[in-house]
Structure formats: C-alpha cells, structure tokens
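Okay, here's what each chain looks like letter by letter:
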Amino acid sequence: MPEEKPDKKVEKKPTDMSIDTAVCEVLSNCEGVVETAFDRAISIRPCPIGAEGACCKHCAMGPCRLVAKTTRGVCGATRATVAARNFARAVAAGAAAHSDHGRGMAFALLAVAKGETEGFRIRDEAKVHAVAGYMGIKSEGRPIMDVAREIAETALGEFGKQTGELIYLKRATPARQELWRKEKIAPRGIDREVVEVMHRTHMGVDQDAENILDQTLRASMTDGWGGSMLATDITDILFGTPTPLQSQVNLGVLKDDEVNLVVHGHEPTLSEMIVAASTDPELLEYAKSKGANGINLAGICCTANEVLMRHGIPPAGNFLSQELAIATGAVEAMIVDVQCIMQSLAEVATHFHTKVITTSPKAKIEGATHMEYDEHHAYQSAKDIVRVAIDNYPNRGAAKIPGPKPDEALIAGFSHEYIRYMQGGLYRGSFRPLNDAVAAGRIRGLAGVVGCNNARVAQDAPTVQIIRELIKNDVLVVVTGCAATGAAKYGYLQPEFMDHAGAGLREVCEAIGIPPVVHVGSCVDNSRILTILTECATEGGLGDDISDLPAVGICPEYMSEKALSIGSYFAASGAYVLFGLPSPVSNSPEVVDLIQNGWNARFGGGIEFEPDIDALIAKVFTRIDAKREALGLAEYDAARFGESGDRQMEEMLETLDKGGSLNVYSVSR
Ligand code: MSK
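Per chain, the residues get numbers from 1 upward, laid out in the order the sequence is written. Per-residue local features are limited, in this predicted model, to residues with pLDDT of at least 70; the limit for side-chain atom pairs, both in listing and counting, is 80 or more; totals at the level of whole chains, interfaces and linings are taken over all residues. With hydrogens and water excluded, all non-hydrogen atoms of the structure serve as input to the side-chain values.

Draft legend 1. How the structure looks around the packing of aromatic side chains. Planes of paired rings set the category: under 30 degrees apart is stacked, over 60 is edge-to-face and the rest tilted, where pairs are Phe, Tyr or Trp rings (Trp by its six-membered ring) whose centres lie within 6.5 Å. Evaluation of the coordinates by the stated rule reveals eleven aromatic pairs. For the ring pair F414 and Y418, a centre distance of 6.0 Å and an interplane angle of 70° mean the geometry is edge-to-face. Accessibility here uses a 1.4 Å probe with only protein chains present; expressed as a share of the type maximum, an area under 20% marks a residue as buried, one over 50% as exposed, and anything in between as partly exposed. Since its relative accessible area comes to 2%, Y418 is described here as buried. On the basis of an interplanar angle of 85° and a centroid distance of 5.0 Å, the ring pair of Y558 and F579 is categorised as edge-to-face. Residue Y558 is located in the loop between β14 (551-555) and α23 (561-572), and its partner F579 is located in strand β15 (residues 576-579); the two are separated by 21 residues in the primary sequence. A single burial state applies to Y558 and to F579, both of which are buried. The structure contains a cluster of three or more aromatic residues connected by ring pairs, namely F414, Y418 and Y421. Definition used: whenever NZ (Lys) or CZ (Arg) falls within 6 Å of the ring centre and also within 35 degrees of the ring normal, the charge is taken to sit over that ring. Above the plane of the ring of Y134 lies R171, whose end atom (NZ or CZ) is 3.7 Å from the centre. Across from the ring centre of Y286, 4.8 Å away, lies the NZ or CZ of R387, which sits over that ring. By the criteria applied, helices consist of DSSP H or I runs no shorter than four residues and strands consist of E runs no shorter than two, each listed in order from the N terminus.

And the structure:
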C-alpha cells in the first residue's frame, strides 16, 4: 500500500473565520471586491517576536529581539523586564482609553449641571444620591443640579489627584482595601498612575519585572475602580440606569426601506442624542421626502451596548462585523466616536455609498467625513449628522442585507441595581438569594464572559462554546461588550436559552427572574461586575472578599489593550481571569508566573492565557470547584436539583410583551 501523505496545509478562507452566517453571507459577497480584516488576517502573519512580548523598541539602540540565544537587549534589559514593560504599556493604554471615556462623561455631567448644554438632562436622580453617597457628598435637601455639579467636579478631581487613594476604592470589601494598602498598589490619581507606567517603562527606569507589574496593577485599577466605574455611574445618571428590555441583533436589523444609521465606538453622549434625533418628527418627515419609510438606528461595539441597554436600539454586530455592516450596501452613515474603530472603514465605504463620519477630535480617519460633536449643542450636532445620512439615502445602490433569524432576539438591560432589585424587591433587595443558591450548589459558580472578537480566531466560536458549557454546568454567566453581542447572535440572551441551562441554575433563574446569561452592558460596565461580585462577597455566606467567591473572568477572543487592563484590575480585585488566546508575555516564563501565580498568591486573582478552549473550560471548573471546597460548600452535583421555582421570568416577559416597562430607577437609591 502506498504510504499516506500528510494533508497539504489547507488555505483558510474569510468565511472560515466566523460562525456567524450573516457575516459569512456578506463576506462571500465581498470576495475579490472588498478587502476586509478577515482577508488581512489570513494574508498577514502575526509577528512571532512581538506576539510573545520579545521585542523591545523603547529606545533607538534597538529594536532588540530577545529570541533564541539572545537573553538581553543592548542596554542589558532581560526578557522578563522587556515582557513586563510591554505588558505594562498595553495595560496603561487600555486604562487610559476607559478612563478618558469616564472623563468625557464627567465633563458632560458638569456641562449639564451648569446648564451649558441643550439636549441632556438628569434621568436618574436616585443614582445622583447614590453616587453622592459613594463620594461622601452631602445630597439631602440640596438642589439636584448642585449635587450633580459636585459629583462631576469630584470625578474630574480623581484624574488629577496626586496623593491619597481613589475614592471608589471604598466600594470594595474592607478586606480588599486592606490588602491593596498592604501590598502598596492602591492607586492615587488616574492620570498619575498611567503616566507613571509610561515613565517607569522608559529606557533605563524600572528594571524589576515584579515592580513594573505592581505599577501595572495600580494603573489598571484606575480603570476598573476609577474611570470605568465613573463612566458607568455618570452614564446612568444622565441617560438612565438600565432595566430589562427586548431587542434584536445582527446585520438583519438593517432595513431595506429606511435610512440606516450605525453608531460605533464607545462613548454614549452623541449616540444618545442620535437616538432622540432619529425620532424627531422634522427629520422623519425629511427622510420621507427622500423616499425612505423611516430612520433606522443600529449599533456596533460598545456604543451599541450603551444604546441597547437604555433604549433597546439593536446592535448590528460586534467588533468584526463593523466593515460588513457597510458591505451590506445598506448603511447611509456610520457614525464613529472613539475606540475599536477599524481604519479600513473609510476604504470599505469607497465601494458603497456609506458616509463614515468621525465625530471626536481624538479620532479622525483619512477618507472619512469629520463632523465634530459639540456637547454644548449636542442635539443640534446629532440632527446635523442624521440629516447627512438622510441626504445620502437616494444614493443607495443594490443592498444585500442578510435576513434576520428568529434566534436573533435578545433581552438586555441588567444593571446591578436591577439584579439586586429582582432579589427581594424595592425595599428588601439584596444578593441573598443568589448567594444561597451558590452555597446550596444550585448554582455551581459565577463567570463573567467579556471582551472582543479577534480576527485570528473564528468570530464568536470560543465565546459561545464557553457560555454553552458553563450554563449547562450550572454556572451563571454575566456578559459585556462584544462577547455579549456575540452571545446574543445565537439566541443565548433569550429566555428560551434557559432550556440549555443545568437544572439548578434554571430553577434559580426562573425564581429570581433573570436569564442564565445576563447582559450587564458595555466594556466600561465591567465595573458593574466588580460591584456585583463585591455585593456577593459582602452579603455573607461566601467568604469576605471577591477572591473567596467561586467566580472566574473569561475573555475568550480578546483583541484590545483595554481587555488586558480589565483582566489586570479583576486580578487585583481577587478574580482569576482566563484569556482564550496565546500569552503576550510568553517569552518570559518569569512574567507568565508572576501574573498567574504571583498575583494569585498575593491578591487571590491572576491572569492566565489558554488558547485551547476545551482546556480553558476545564480550568474554569477546576477553579470554581476549588473555591467551593475552600468555602466548605457541598461538592457540586449536577443531578441534585431540578424543581422549578416561581414564574418571575415569565411574568417579566409578559410585561415586556405587552409594551410595559420595568422602571426601577428608584431602586438605586
Ligand atoms: S467594543 S474593546 S472590541 S469588547 Fe467595547 Fe468590543 Fe473589545 Fe472593543
């Protein structure tokens, strides 16, 4: 018999790199005509030296490649120093991005409080009081705008603070605060810690990997317990604290006969006004005059999550879908602000009629139309942009929008206030039922599945595999960012997905009235997960701190530096975080060990990179079960529970189906 030859390496096609059939349909239409990130990910090999954190380009004597027998750069920097510096800078960039978002929200609140903006108002007064309480600001009996102004000024003060500690550290458990002080990683001011990472990682400054990584943690905490938490709180104040609502997801939300606008990026201020402008009677009339039957708004990335959580505006997709929304030929305007915006959008748009509109002075793209957003005239800015989109409608050619599928419906809008409210109502809301369910073993543990798409892995595949396996094994999952949108695309945010949950988890979700996969918001809303975990830890019965909880963080398809910042602040907060991609510090076993085991020993949380998704899932269960054992809880037994609880979930759906709202703004008081 002739010897069998090994298979020839099969060339990948763009459509192999997504499990989303709508995305694949558009990718097929693009073949040979429009180049996308999917094509480029196939043709560009990732640099193996940079990928491992082995390249040092911090001075002009390099770049030094610390590979093979080279263990030091020209200056003598070791592999550990170089890997730690690279990681630190990535985290600092991520923390800067999220925190600058928080700063923008604080300026918006200040403008509202001073009466300097039209269009915005305070929508959640209860949250104003709650945030004032966190900040130690007296609010009772004062005019709401005075309190809002002091909140905004205090928030802005957190950026430039030079000494002391971030105010929001007080929202952590007492045990965690003490640990941060003991380990000397409590951050002082937001800008100070980010600047200090840049200083320390300049040539010839901090050469000790562990010391560099401590500063990395400090900077990351300015994100989670600083900029992101402020962004979440102030967004709730200005635009409302989310409550559950229904929507749709994916490219099929675009409409054949309406003006399609897609908002993309991260900051919600302009998009909030665009939501309002898209229902403005004058503009609707104008759209009709151009032959359109209406104005249809959709989103991409986290701007999408912001307007989904508060208005039910449907996401057209997650990170890797951004070019494809344009490639449907049905988008009149894609309005971008900051972060996660591919430069290729302007080039893709040249093949269609779409106008890519940049709106932030921080983010311009060659080939795009720049219409700078002015928060003092927010509504007028939004109207001007919507008008440009309407004017573009008659230019639309033959569009090919993938048809919507039935499982592309979703429920979102789960703020931590709402989750607490569901567990006891307005006056007796708590996390007791959830804690009891974990203690009893109905719920095996908790997992946050967060983060991006990455063109190096099949879009959404790891995310849905992980979520499916977790809920089957009674792990309650909370989702944010593009992972949330990914989950939604396959029906995972529908109540019907309860059928795939383990019996114990299902029983609890039905009783409390939450789905087994809970959408808590955008990337900055990972701060809501910090709050939820802290509430679980302080409720009692599951230890004293986040590190005691049977909980893990998972970032299956990370792409952004912000994800590394998120992973780091969760590690500092006591959560173990698994990333589903190769390690960016693998060139230094010392750094791999420091962020995984070293941090775990000191903070009870760490970061591990595990690209084998089956192995990652196994590690999640091992971690959760070890934490259960350490708490002295009963060993998880999948067959132990199964009788359904009451019908709160169904009742909630009935209310939504009848067009009712679940307004619990007052619960945040
Ligand atoms: S948008 S940071 S691709 S989650 Fe928040 Fe998605 Fe990641 Fe951007």
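There is more to say, and it comes next.
Draft legend 2. Quick look at the domain arrangement of the protein chain. Just so you know, the domain bounds were taken from an automatic or database domain assignment. Looking at the protein chain, the domain boundaries give domain 1 (79-239), domain 2 (251-395), domain 3 (407-631) and domain 4 (639-669). The C-alpha centroid of domain 3 is placed 31 Å from the C-alpha centroid of domain 2. The term buried area means the drop in 1.4 Å probe accessible area that two parts suffer when joined, counted for both and summed. Summed over both sides, the interface of domain 2 with domain 3 buries roughly 1500 Å², with 64% coming from carbon and sulfur. Sorting the residues of domain 2 by area buried against domain 3 places M309, N318 and L320 first, and these three jointly supply 39% of that buried surface. Salt bridge, as used here: a side-chain nitrogen of Lys or Arg that lies within 4 Å of a carboxyl oxygen of Asp or Glu. Here domain 2 is connected to domain 3 by zero salt bridges. Here the side of domain 2 that touches domain 3 takes seven residues from helix α12 (residues 301-311), the largest share from any one element.

Draft legend 3. Looking closely at the site of the ligand. Near, as used in this document, describes a residue that has one of its heavy atoms within 4 Å of the molecule or strand being considered. Residues in contact with the ligand, as listed here, are H266, C301, C302, F319, C340, G451, C452, C482, C523, M559, S560 and K562. When residues of the shell around the ligand are assigned to domains, at least three map to each of domain 2 (251-395) and domain 3 (407-631).

Draft legend 4. The sheet that holds strand β16 (residues 607-609), seen in detail. Strand order in the open sheet formed by six strands is β13-β12-β11-β14-β15-β16, with parallel pairing between adjacent strands. The sheet is open, and its two edges are formed by β13 (517-521) and β16, each paired on a single side. Shown here is a sheet whose adjacent strand axes are inclined to one another by a mean of 25°, direction ignored. Two strands are said to pair when DSSP picks up at least two bridges between them. With four bridges joining them, strand β11 (residues 445-449) and β14 adopt parallel strand pairing. Here, axes are lines fitted to C-alpha atoms. For helices the fit covers the stretch in contact, and angles between N-to-C directions go from 0 to 180 degrees.

Draft legend 5. Focus on the nonpolar core. I151, I274 and L470 are the most contacted members of the largest nonpolar core, which has 175 residues in total. By residue number, the principal contributor to this core is helix α4 (residues 79-113), which donates 16 residues. Every residue pair with non-hydrogen atoms within 4.5 Å of one another is taken to be in contact. Excluding residues that lie within four positions of it along the chain, I151 makes contacts with L109, V128, V131, A132, M135, I137 and I237. Buried Ala, Val, Leu, Ile, Met, Phe, Trp, Tyr and Cys residues that are joined via side-chain atoms within 4.5 Å together make up what is termed a nonpolar core. Among the nonpolar cores identified, the runner-up in size contains 40 residues, and V26, A327, A346 and V356 belong to it.

Draft legend 6. The packing of helix α9 (residues 209-239) against helix α24 (residues 589-603), seen in detail. At a minimum axis distance of 11 Å, the contact between α9 and α24 shows a crossing angle of 60°. With respect to α24, the axis of α9 lies oblique. Crossing of α9 over α24 shows right-handed handedness. Only E590, V591, L594, I595, W599, R602 and F603 of α24 make contact with α9, whose side of the interface consists of A209, E210, L213, D214 and L217. Angular relationships are summarised with four words: roughly parallel below 35 degrees, roughly antiparallel beyond 145, roughly perpendicular across 65 to 115, and oblique for the angles in between. Crossings are sorted by hand: turned counterclockwise from the far helix by less than a right angle, the near helix makes the crossing left-handed, and turned clockwise it makes it right-handed.

Draft legend 7. Structural detail: the side chain of S228. For S228, the position within the fold is in helix α9. Taking relative accessible area as the criterion, S228 reaches 0% and is therefore assigned buried. Every residue in contact with S228, bar those within four places of it in the chain, is listed here: H98, D223, V524 and S527.

Draft legend 8. Seen up close, the state of the cysteines. Our working definition of a disulfide is a cysteine sulfur pair at a distance within 2.5 Å. Within the structure shown, the criterion is met by zero disulfides. Just so you know, C30 is unpaired, no disulfide at all, and the nearest cysteine sulfur is the one on C24, 11 Å from it. The class for C30 is buried, based on a relative accessible area of 2%. Looking at the unpaired C555, the closest cysteine sulfur is the one in C452, lying at 5.6 Å.

Draft legend 9. The arrangement of helix α6 (residues 144-160) in detail. A helix is expected to span 1.5 Å for every residue after the first. Along its 17 residues, α6 runs 25 Å from first to last C-alpha, staying within 8% of the 24 Å computed at 1.5 Å per residue. Of all the residues in α6, the buried ones are I144, V147, A148, I151, A152, T154, A155, L156, E158 and F159. If you follow the buried residues of α6, they end up packed against α4, α5 (125-135), α8 (190-200) and α9.

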